Amino acid sequence: MTIDLKTVKHISKLSRISIEEEKAKRLTNDLNSIFKFIEKLNELDTSKTEPLTSVAETTLKLRKDKIESKNIREDILKNSPEKSKDFFVVPKVVE
Amino acid sequence: MSEINNLKLCDLVDKIKNKKLSSKDITEAFINRSKKSSKLNSYITDNFDNALNRAKEFDEKPDFNKKIPGIPLAVKDLFCTKNLRTTAGSKILENFIPTYESTVTQNIIDHGGIIIGKLNCDEFAMGSSNETSNYGNVQNPISENLVPGGSSGGSSAALAAKLTPATIGTDTGGSIRQPASFTGTVGLKPTYGSCSRYGIVAFASSLDQAGPMTHDVKDCALLLEVMSSFDTKDSTSVEFTRGNYLNDLNENIKGKKIGIPKEYKVDGMPKEIEDLWEKGIKIIKDNGGDVIDISLPNTNYALPTYYIVAPAEASSNLARYDGVKYGFRSKGENLIDMYEKTRSEGFGDEVKRRIMIGTYVLSSGYYDAYYLKAQKVRRLIKNDFDEAYKKVDAILTPSTPSSAFKIGEKLNDPVSMYLNDIFTVPINLAGLPAISIPAGHDNNGFPLGLQIIGKAFDEQNILNIAYSIEKNIGYKNHINDWWIK
């Protein structure tokens, strides 16, 4: 299958990455060559194979439900590009 | 160059314990050489002043019981370091100053190490040549205009150039072993779950592992001891008894069964690499090991599988860069516009390419055809290794299908760039440990490496085999200081 320009623009929307027309065209070519390479997997019959999600075959451990970090509000806000008092600031969302 | 720069990690530890050298002597020597290395571009951020103070503090109150007492180390800029800028090679993190320390760098500090700086890498560790970094490409000290490999290219270059006595990298598809191979150094990717991922900027969480990069196998064993720990802050960290890798290092490999996978004899592989592989096989036989032909039938499917699984995980992991909580933000007319511009301007081309591949393979209607399919093939690849390990203790292969290439040579052909990782990617998919050791040179005098792959949690065994080969192969790095200012 081939990926067309329309699909690339759709993926770019889903990825929340704006993309210029020229770059989108180049990316269409790149993605097509990569997917041509990926499609080799279709040679394999995997109808009876279980997917492998993680090689660490451990079950997730439970921990006590208690707070372990205290007073880290400043730490959390420290790297924010825009903040006000104790809040992250974003462009207006609700009119 | 100061004589100190020529010393290996274990030698420096001895000298400092025997009070022949102080931490200040050593730290100064590596900082001074690093200051003359701007041509290599291996550093993104230095921590020189702070590190010197730490060295002086160590000398005032030395603790020689630590594993790396007062030893300076520069680390890949993918590890979060408290109060020290961490960029992951990306513009989107150009001003990010972590408020916490990654577990691996904390282990280094706890064992007496001193962080002297943050080393260049491909953006978010996505690349095989260090050319995707927002902070410029890195020169391989072996020869001008040669890539140092990637993604841990700043690490491999700084180590080979002796700007740091050892370093650490991360390996998602070969990012420790390939740059080690390209620079004539040793690099080990531990078993998935050995070294904590806490505080490492995430790329593909089911594949990422941190590991040591050093001048020789002894140093590698020591640094692995320092790095590896069980950590409740990483839900995939595995609780197992870590070995005394250095103390138990043993070159005796008599009776060890070593597999040679026929699928790694790929078309067009340079003769030098085949010869080198033969040389490794001969050494193993001479040392009493048993060489056994094996098959890993699904090897050819590893790269296509990787290029679904890794981008899929990356697209999820990198969703956090939204210009709100930390990192770069671009102005937008509204929230969505701000997201889209921030990510478009903040990420480089390769990262965008992989996010988009990942988004596509996870999107409605394509999940089963791509992502689920890849997870199934990943099972087959792991099964190949499980089968092989019924017959052998470890596997020997070349580390890479070629030596280091020129800067710019593969930049416009993503698939040809991806093929670099053909021998390293299957190991990440199966979660196994593997070490690359320098083993010879090609016609141009560029280094080539051999890879030893082990069973899960059998790091000691691959270190021992590597040690045995290293002792007999007589490799020497030829580096002149063409890059010194």
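### A word on the interface of chain A and chain B
When the parts of a complex come together, some accessible area is lost, and that lost area is often taken as the interface size.
Here is step 1 of the chain: Listed per partner, the contact involves 40 residues of chain A and 53 residues of chain B.
Here is step 2 of the chain: Taken together, the elements giving at least two residues each to the side of chain A that touches chain B come down to α1 (5-14), α2 (21-38) and α3 (73-78) of chain A.
Here is step 3 of the chain: Among the elements that line the side of chain A that touches chain B, the one with the most residues is α2(A), at seven residues.
Here is step 4 of the chain: Split into classes, the residues belonging to the side of chain A that touches chain B amount to 21 nonpolar, 11 polar and eight charged.

### Brief notes about the domain arrangement of chain B
All names here are of chain B.
Here is step 1 of the chain: By the assigned domains, chain B splits into domain 1 (3-256 + 392-473) and domain 2 (300-372).
Here is step 2 of the chain: Between domain 1 and domain 2, the C-alpha centre-to-centre distance is 27 Å.
Here is step 3 of the chain: Of all the elements in the fold, those that place two or more residues in the side of domain 1 that touches domain 2 are α13 (414-418) and α14 (425-430).
Here is step 4 of the chain: Ranked by residue count, the leading element in the side of domain 1 that touches domain 2 is α14, at three residues.
Here is step 5 of the chain: Looking at the side of domain 1 that touches domain 2, its residues break down into 15 nonpolar, eight polar and four charged.

### With respect to the pairing of strand β3 (residues 114-119) of chain B
Residue and element names in this part refer to chain B.
Here is step 1 of the chain: With six of six residues buried, β3 lies mostly within the body of the structure.
Here is step 2 of the chain: When strand β1 (residues 43-46) meets β3, the two strands line up antiparallel, connected through three bridges. Following the sheet pairing, Y43 is matched in β3 by L119.
Here is step 3 of the chain: Two elements, strand β2 (residues 72-76) and β3, share five bridges in a ladder whose sense is parallel. Note on β3: the bridge partner recorded for L73 is I115.
Here is step 4 of the chain: In this region the chain leaves β2, passes through helix α4 (residues 103-110) and returns to the parallel neighbour β3; the handedness of that crossover is right-handed.

### Things to note about the sheet that holds strand β5 (residues 186-189) of chain B
All names here are of chain B.
Here is step 1 of the chain: Reading across from one edge, β4-β6-β5-β10-β11-β9-β7-β8 is the order of the eight strands in this open sheet, with mixed pairing throughout. One side of each edge strand has no neighbouring strand; the edge strands of this open sheet are β4 (167-171) and β8 (290-294). If you compare each strand with its neighbour and ignore which way they point, the axes differ by 30° on average.
Here is step 2 of the chain: By the bridge criterion, seven bridges tie strand β10 (residues 434-441) to strand β11 (residues 447-454) in an arrangement that is antiparallel. Pairing of I437 across the sheet is with L450, part of β11.

### Structural notes on the nonpolar core
Residue and element names in this part refer to chain B.
Here is step 1 of the chain: Counting residues in each nonpolar core, the largest one holds 148 residues, and the members touching the most others are L73, C220, I308, I435, I452, L463 and A466.
Here is step 2 of the chain: Broken down by element, this core gets its largest block of residues, nine residues, from helix α9 (residues 302-317).
Here is step 3 of the chain: There are two domains that each give this core at least three residues, and those are domain 1 (3-256 + 392-473) and domain 2 (300-372).
Here is step 4 of the chain: Excluding residues that lie within four positions of it along the chain, I452 makes contacts with A394, L396, A434, I435, I462, I465 and A466.

Rules and cut-offs
- Residues numbered from 1 in each chain as written.
- Chains lettered and ligands numbered in written order.
- Predicted model: local features only at pLDDT ≥ 70, side-chain atom pairs only at ≥ 80, totals over all residues.
- Contact = placed C-beta atoms within 7 Å.
- Helix = DSSP H or I, 4+ residues; strand = E, 2+ residues; numbered from the N terminus.
- Nonpolar A, V, L, I, M, F, W, Y, C, P; charged D, E, K, R; others polar.
- Domains from an automatic or database assignment.
- Buried ≥ 20, exposed ≤ 12 C-beta atoms within 10 Å, placed from the backbone.
- Pairing = 2+ DSSP bridges.
- Right-handed = clockwise from strand over helix to strand, strands pointing away.
- Axes fitted to C-alpha atoms, helices over the stretch in contact; angles between N-to-C directions.
- Core = buried A, V, L, I, M, F, W, Y, C linked by C-beta atoms within 7 Å.

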